[in-house]
Amino acid sequence: MTSTATRDPNQVIIFDTTLRDGEQAPGCSMNLEEKLRIATVLEEMGVDVIEAGFPIASNGDFEAVREVGRLVKNSIVAGLARTNRADIERAAEALQFAERRRIHTFISTSPVHMRHMLKMTEEEVLARTVEYVSLARNHTDDVEWSAQDASRSDIDFLCRCVEAAIKAGATTINIPDTVGYAMPQEYAALFRTLIERVPNSDKAVFSAHCHNDLGVAVANSLAAIGAGARQIECTINGLGERAGNASMEEVVMAIRTRHDLMKVHTGIKTENITRASRLVSTITGFQVQPNKAIVGANAFAHESGIHQDGMLKHAETYEIMTPESVGLHRSSLVMGKHSGRAAFRAKLKELGYEDMGENAINDAFGRFKDLADRKKDIYDEDVIAILDDEAGRQHDRIRFLALHVVAGSRGPQHAVLELEVDGKPIPPVVAFGNGPVDAVFNALKLAFPHEARLQLYQVHAVTAGTDAQAEVTVRLEEQGKTVNGQGADADTLVASARAYVHALNKLLTKRLKTAPVALSA
Ligand SMILES: CC(=O)SCCNC(=O)CCNC(=O)[C@H](O)C(C)(C)COP(=O)(O)OP(=O)(O)OC[C@H]1O[C@@H](n2cnc3c(N)ncnc32)[C@H](O)[C@@H]1OP(=O)(O)O
Ligand SMILES: CC(C)C(=O)C(=O)O
Ligand SMILES: [Mg+2]
């Protein structure tokens, strides 16, 4: 960590917590392979700190922090810990391979949290802060301390805690608006007061961590910067506990677009924003609302005549940033049924997917050709949907082979499904259902018997038009564990079957991790 004395005073550190607070969004669990894909994209986009998990919380979180730490070289990797020995030692162990590591320890400072949740007095919270920040410093010289529920804390007590945490060795002081209660002017005043009143405040970087319960997480983060905060904790697409965290793309683009006012900058390569947003949305199944700032489908769309006239005459009439600046660009390579492998590889590079394995590329190419035979216009979104669908599938035990469905008002609706399990095709199964999707899912249960319950079934059109690919998310739950599966295809039912098969494969991996015994179907 650059010391506060040498760091650029106008650089805002971007601390991404998609993999920790983002994953706390209900229904948004990610597996290790998915977390590594996201971490790779975050590092490439220049994120300063990646919070990869809360190592004591589960073996999965421990593994995620350890493996992200092994993979990532440029970003600092952080692991979360409560103020106790076990949490901090587990975080230190998880971070052992990280070239640049941070222990992030937190404790609540608000009366309501201390009295009812922690059952601790102010003096106990203060003593714990000192004891466990010091312990964390024995493991790394980059220690962040967070005052959970800071915005509802007594200011005198908060000042004492911050001073003590810095004295004990904290290099970053995070002042979270944990429940999304603060208003921008109030949150800014809190930072101003702390920075002014705490005598050693110049020895630490002050950080904002805002939740969006009242829809002001980004506004609060920007207000905090105005008051001296130089780290923002945020997530891709604003994912996170309850209404989510401050959205990284909004914070970063506000800083970039309003540099005239804010006078600060980040190290984020904003051209990677769209790709990161799309990846997180595909992996979690949390669709981005069309009117979401920066990454929504309509963020750069101009529908009404006067706007279109303005845009045609001069883009700045209605655009305060260019689509290119967030990675939306007119494709240089038009793909279609006559495109070959060379063009496909070039397209992968252009879209940032060049790291895919050879088998996945071959499978994706086959599916692309297949789609191009059926669909007139192939957009980048179509290629991305196939690539996302193929990525990370090479070790799947269950593979989708073919599907035939009878649907319509005459019924009976039924599905004939062919799967391959452990490399061997199984005989086709026929199942009936209350509609074609039900028939497909019943066929999957017959072909590969399981107890998992369907929690979510969601369909999203990748592009406009009746021949658009469908991207389907399926969420399955088994013994309290949930997984999300994704599938894409021009046929919604095939996409549904693929998504279900993907989720089943993830459940099998999860089962293997919790009970390392031979699995039967
Ligand atoms: C604002 C935030 O985002 S905080 C992070 C939230 N993330 C998570 O909770 C991750 C998922 N959590 C879990 O898996 C579990 O809650 C665990 C593994 C962390 C803890 O599980 P358990 O040991 O069973 O404790 P449980 O969750 O029931 O209660 C939390 C305990 O931690 C204590 N605690 C909470 N915060 C802190 C803290 N910052 N420092 C010290 N102790 C704390 C609580 O007082 C409570 O202690 P108690 O059991 O003595 O009453
Ligand atoms: C753990 C802390 C930083 C947190 O997520 C919050 O207070 O919202
Ligand atoms: Mg939080």
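Residues numbered from 1 in each chain as written. Chains lettered and ligands numbered in written order. Predicted model: local features only at pLDDT ≥ 70, side-chain atom pairs only at ≥ 80, totals over all residues.

S.K.: I'd like to hear about helix α16 (residues 436-447), residue by residue, with values.
M.R.: If you check α16, its first and last C-alpha atoms are 16 Å apart, about what 12 residues at 1.5 Å a residue would give, namely 16 Å. Within α16 the residues assigned to the buried category are Pro436, Val437, Ala439, Val440, Phe441, Ala443, Leu444 and Ala447. (Helix = DSSP H or I, 4+ residues; strand = E, 2+ residues; numbered from the N terminus. Expected span 1.5 Å × (residues − 1). Buried ≥ 20, exposed ≤ 12 C-beta atoms within 10 Å, placed from the backbone.)

S.K.: Account for the site of ligand 2, with residues named and values stated.
M.R.: In the vicinity of ligand 2, the contacting residues are Asp21, Phe106, Ser146, Gln148, Asn174, Pro176, Thr178, His209 and His211. Of all the secondary structure elements, the ones that give two or more residues to the shell around ligand 2 are β5 (143-148) and β6 (172-177). The residue makeup of the shell around ligand 2, split by class, is two nonpolar, six polar and one charged. (Near = placed C-beta within 6 Å. Nonpolar A, V, L, I, M, F, W, Y, C, P; charged D, E, K, R; others polar.)

S.K.: Break down unusual backbone geometry for me, citing the residues and quoting the values.
M.R.: A positive phi angle is found at Asn237, which is not glycine, with a value near 65 degrees. The backbone phi angle of Lys263 is positive, close to 60 degrees, even though this residue is not glycine. Relative to the helices and strands, Lys263 is located in the loop between α10 (259-262) and α11 (273-284).

S.K.: Which residues make up the UniProt feature "domain: Pyruvate carboxyltransferase" (unreviewed entry) in the chain, and what values do they have?
M.R.: UniProt records the feature "domain: Pyruvate carboxyltransferase" (unreviewed entry) at residues 12-274, using the numbering of this structure. When the span residues 12-274 is considered, its composition is 44% helix and 17% strand, and the gap between its end C-alpha atoms is 21 Å. (UniProt positions renumbered as here; feature names shortened; annotations may be inferred.)

S.K.: So, the UniProt feature "binding site: Mn(2+)" (unreviewed entry) in the chain: which residues are in play, and what are the values?
M.R.: Annotation from UniProt places "binding site: Mn(2+)" (unreviewed entry) at Asp21, His209, His211 and Asn245. Across 225 residues of sequence, these annotated residues stay compact in space, with a maximum C-alpha separation of 10.3 Å. Residue position: His211 is located in the loop between β7 (205-210) and α8 (217-226). Using a count of 25 C-beta atoms within 10 Å as the deciding quantity, one classes His211 as buried. The residues contacting His211, other than those within four sequence positions of it, are Asp177, Thr178, Val179, Gly180, Ala217, Gly240, Glu241, Arg242, Ala243 and Asn245. (Contact = placed C-beta atoms within 7 Å.)

S.K.: Tell me about the site of ligand 1, and name the residues and values.
M.R.: Taken together, 16 residues surround ligand 1, and among them Ala57, Arg82, Thr83, Ile107 and Leu118 come closest. Secondary structure elements with two or more residues in the shell around ligand 1: β4 (101-108) and α4 (111-118). Of the residues assigned to the shell around ligand 1, the class counts are seven nonpolar, six polar and three charged.

S.K.: Any chance you could break down the sheet that holds strand β13 (residues 453-461) for me, citing the residues and the numbers?
M.R.: The three strands are arranged β13-β14-β15 in an open sheet whose pairing can be described as antiparallel. Each edge of the sheet is formed by a strand with only one pairing partner; in this case those strands are β13 and β15 (481-489). On average, adjacent strands in this sheet sit at an angle of 15 degrees to one another, irrespective of strand direction. The sheet contact formed by strand β14 (residues 470-478) and β15 spans nine bridges and is antiparallel. (Pairing = 2+ DSSP bridges. Axes fitted to C-alpha atoms, helices over the stretch in contact; angles between N-to-C directions.)

S.K.: Account for the domain arrangement of the chain, with residues named and values stated.
M.R.: Domain boundaries in the chain define domain 1 (15-260), domain 2 (341-390) and domain 3 (398-514). The C-alpha-based centres of domain 1 and domain 2 are spaced at 38 Å. (Domains from an automatic or database assignment.)

S.K.: Quick one: what's the story with the pairing of strand β8 (residues 231-234), residue by residue and with numbers?
M.R.: Burial along β8 is two-sided: Gln231 and Glu233 and Ile232 and Cys234, pointing in opposite directions, are all buried. Note: β7 against β8, three bridges, orientation parallel. In the sheet register, Ser207 faces β8, and the bridge partner there is Gln231. Where the polypeptide runs from β7 across α8 and back to β8, its parallel neighbour, the crossover connection is right-handed. (Right-handed = clockwise from strand over helix to strand, strands pointing away.)

S.K.: Go over the nonpolar core with me, naming the residues and quoting the values.
M.R.: Formed by 99 residues in total, the largest nonpolar core has its most connected members in Ile14, Ile50, Val77 and Val251. Here the element with the most residues in this core is α8; it accounts for seven residues. Dropping the residues within four chain positions of it, Ile50 is found in contact with Asp16, Leu19, Ala39, Leu42, Glu43, Val68, Val72, Ser75, Val77 and Ala78. One finds Ala391, Ala415, Leu417 and Ala488 within the second-largest nonpolar core, a separate group that totals 41 residues. (Core = buried A, V, L, I, M, F, W, Y, C linked by C-beta atoms within 7 Å.)

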